[in-house]
Amino acid sequence: AFCIGALASFVLITDIINLTALISVDSNPLYGPQKKDEKNPEHSGTCLSLQVSDSVDDRVTPGSDEARKCLLYTRPTPYIDLLMKVAVGLPNQGSRTGSKTKVFNPVTRYYGNDWPPFGYTMIGNARLENFRAAIEEVNRNKIPGVIIEMGVWRGGAMIMAAAVMNEYKSLYGGTMGRDLYVLDAFEEITKNQYGANSDFLFNTEQDVRNNFELLDIFRDNEGSNERVAVHFRKGLFQSTVPALATDSNIENIAVFRVDGNFYDSYQDALYYGYEKISIGGIIIFDDVMSHPAVMRCWNDFKKDQGLTEDLNRIDRHSAWFRKEAEVVLDMAKIRPPQDINK
């Protein structure tokens with residue numbers, strides 16, 4: 001537990017998915033008409049920018065005609081905006097990298113390159129915006145399925161996801177219900193396994209549940225008695241992820257966010273989760289660009305299963321793509337344990 005510092009394109013199946021329609025502002029706004037913001041034209045229903053290299057300055061903004069690369073940015077409500085700022089950590093709370101405390105740097109925090117001492121997520125603003133945009137897109141386009149995050153730390157990204165779903169129903173009259181699944185080892189990885197940073201990195205399942213409660217995420221939606229259903233699955237991915245494939249409550253997955261660090265963690269996620277991801281669903285890999293073992297896993301899976309989707313780089317660490325075609329996985333292609341599952 002921790003103290004709170006402040007509360008404060010090429011498409012395989014065109015008759016199933018039309019990518020251009022998915023990202024069209026005029027024909028398919030978020031949950032209602034989007035007005036141009038003349039003061040911030042770069043955020044007027046434009047696509048979120050993508051990083052080209054390891055440099056945070058090397059970024060491009062896809063055009064709306066680059067459907068494979070585009071997730072729309074929409075201005076958050078004041079509530080979601082504040083919640084996201086609290087989730088990533090406020091400037092007056094400082095910064096941390098490993099055991100070292102530093103002065104807050106807004107660029108470092110934006111791209112998730114430090115640890116927030118009192119925040120609820122390490123992913124930074126860019127990845128959190130990407131996650132929000134993914135949820136809004138599947139809501140906007142009525143893509144069926146649940147929202148899953150594998151590897152949650154203090155739960156901040158999924159706290160935001162739950163809040164976005166609350167607003168979708170209570171503020172915009174959304175009709176699609178989406179359960180949220182929070183998967184993490186939690187105390188299955190003992191505190192002493194985190195070494196010198198154990199007090200900072202270690203969280204129990206109850207710690208994360210308490211954070212959801214603290215930020216009032218389990219509240220009723222405007223008195224409708226419809227609460228966001230949040231399911232916790234505790235354990236190493238090799239034991240919890242295979243259950244996704246057989247869980248009768250998970251018919252489809254709409255947004256699949258994976259933060260696993262290891263080849264084996266990603267292989268478990270892909271082989272037991274990918275078939276359930278809906279056409280048009282969004283897949284986000286938190287550390288594929290910075291962890292060679294994760295990139296190797298993706299490349300192996302893509303080649304072995306004949307996928308054509310390409311990664312869109314979010315920042316130095318992460319990337320996303322949109323599922324374009326159904327696939328029946330060849331489970332015989334699963335590789336022997338490479339690292340964490342040995």
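Since the structure is predicted, the reported quantities are computational estimates derived from the model, not experimental observations. (Residues numbered from 1 in each chain as written. Predicted model: local features only at pLDDT ≥ 70, side-chain atom pairs only at ≥ 80, totals over all residues. Heavy atoms only, no water.)

*Asks:* Even after reading the chapter, I still don't get the overall build of the protein chain, so can you show me in this structure?
*Replies:* The helix and strand tally for the protein chain stands at 11 helices and 11 strands. With an accessible surface of roughly 15200 Å², the protein chain has 51% of that area assigned to carbon and sulfur atoms. (Helix = DSSP H or I, 4+ residues; strand = E, 2+ residues; numbered from the N terminus. Areas by Shrake-Rupley, 256 points an atom, 1.4 Å probe, with all protein chains shown as cover.)

*Asks:* I'm lost on helix α5 (residues 156–170) in this one. Help?
*Replies:* Given 3.6 residues per helical turn, the α-helix brings residues three or four places apart onto the same face. For α5, which comprises 15 residues, the first-to-last C-alpha distance of 21 Å matches the rise-based estimate of 21 Å (1.5 Å per residue) to within 8%. In terms of burial, α5 is largely enclosed, as 13 of its 15 residues are buried. (Expected span 1.5 Å × (residues − 1). Buried < 20%, exposed > 50% of the residue type's maximum accessible area, 1.4 Å probe, protein only.)

*Asks:* When you look at helix α4 (residues 124–140) in this model, what are you seeing that I'm missing?
*Replies:* Taking 1.5 Å as the rise per residue, α4 with 17 residues should run 24 Å; its terminal C-alpha atoms sit 24 Å apart, in good agreement. Within α4, 16 of the 17 residues are buried, which leaves it mostly tucked inside the rest of the structure. Following α4 by one or two positions, Lys-142 adopts a phi angle in the positive range, close to 55 degrees.

*Asks:* Would you mind showing me how to read the packing of helix α2 (residues 78–88) against α5 here?
*Replies:* Two quantities define a packed helix pair, namely the angle between the helix axes and the distance between the axes. α5 packs onto α2 with a crossing angle of 175 degrees between their chain directions and a minimal axis gap of 10 Å. Between α2 and α5, the angle falls in the class roughly antiparallel. Between α2, through Tyr-79, Ile-80, Leu-83, Met-84 and Ala-87, and α5, the contact on the second element is made entirely by Gly-156, Ile-159, Met-160, Ala-163, Val-164 and Glu-167. Grouping the constituent residues of the contact of α2 with α5 by class yields nine nonpolar, one polar and one charged. (Axes fitted to C-alpha atoms, helices over the stretch in contact; angles between N-to-C directions. Parallel < 35°, antiparallel > 145°, perpendicular 65-115°, else oblique. Contact = heavy atoms within 4.5 Å. Nonpolar A, V, L, I, M, F, W, Y, C, P; charged D, E, K, R; others polar.)

*Asks:* Honestly, the sheet that holds strand β7 (residues 230–234) in this entry has me stumped. Any pointers?
*Replies:* Adjacent strands of a sheet form backbone hydrogen bonds with each other and so pair up, either parallel or antiparallel. Within the open sheet, the seven strands sit side by side as β7-β6-β5-β8-β9-β11-β10. Their pairing is mixed. Only two strands of the sheet have a single partner each, and these edge strands are β7 and β10 (312–313). Sitting on the sheet, α4 is in contact with β5 (146–150), β8 (253–258), β9 (277–285) and β11 (319–322), with an inclination near 175 degrees to β9. Lying on the sheet, α5 is in contact with β5 and β6 (180–184); it crosses β6 at an angle near 175 degrees. (Pairing = 2+ DSSP bridges.)

*Asks:* Help me understand the pattern of salt bridges in this model?
*Replies:* When the charged atoms of two side chains lie near each other, side chains of opposite charge can form a pair. Scanning all chains against the criterion turns up 21 salt bridges. A salt bridge links Lys-234 to Glu-187, with the shortest nitrogen-to-oxygen separation between them at 3.2 Å. Note that Lys-234 is positioned in strand β7 and Glu-187 in the loop between β6 and α6 (198–201), a separation of 47 residues in sequence. Note on Glu-187: relative accessible area 30%, which makes it partly exposed. A salt bridge links Lys-323 to Glu-326; its shortest N-O distance comes to 4.0 Å. In this structure Glu-326 comes out as partly exposed when scored by relative accessible area, which is 49%. Through salt bridges with shared partners, one network takes in Arg-127, Glu-149, Arg-257, Asp-286 and Asp-315. (Salt bridge = Lys/Arg side-chain N within 4 Å of Asp/Glu carboxyl O.)

*Asks:* I'm lost on the environment of Arg-96 in this one. Help?
*Replies:* Relative to the helices and strands, Arg-96 is located in strand β3 (residues 95–97). C-alpha of Arg-96 to C-alpha of Phe-200: the two residues are 104 residues apart in sequence and 9.9 Å apart in space. Apart from the residues within four sequence positions on either side, Arg-96 is in contact with Thr-101, Asp-114, Trp-115, Pro-117, Asn-197 and Phe-200. At a separation of 2.6 Å, a polar atom in the side chain of Arg-96 contacts the main-chain carbonyl oxygen of Gly-98. (Polar contact = N/O pair within 3.5 Å; in protein donor to acceptor, adjacent residues only side chain to side chain.)

*Asks:* Explanation requested: the packing of aromatic side chains in the structure shown.
*Replies:* What describes a pair of aromatic rings is the distance from one ring centre to the other and the angle between the planes of the rings. Per the stated rule, a full pass over the model turns up 12 aromatic pairs. Seen in terms of ring centroids, Tyr-110 and Tyr-111 are 4.9 Å apart; in terms of plane orientation they differ by 75 degrees. Their pairing is edge-to-face. The exposure class of Tyr-110 is partly exposed, given its relative accessible area of 35%. Accessibility expressed as a relative area gives 12% for Tyr-111, which makes it buried. Members of the aromatic cluster, joined through ring pairs, are Tyr-266, Tyr-271, Tyr-274, Phe-285, Trp-298, Phe-301 and Phe-321. A cation sits over an aromatic face here: Arg-154 above Phe-200, 4.9 Å from the ring centre. (Phe/Tyr/Trp six-rings, centres within 6.5 Å; stacked < 30°, edge-to-face > 60°. Lys NZ or Arg CZ within 6 Å of the ring centre and 35° of its normal.)

The analysis is restricted to geometry; functional conclusions fall outside its scope.
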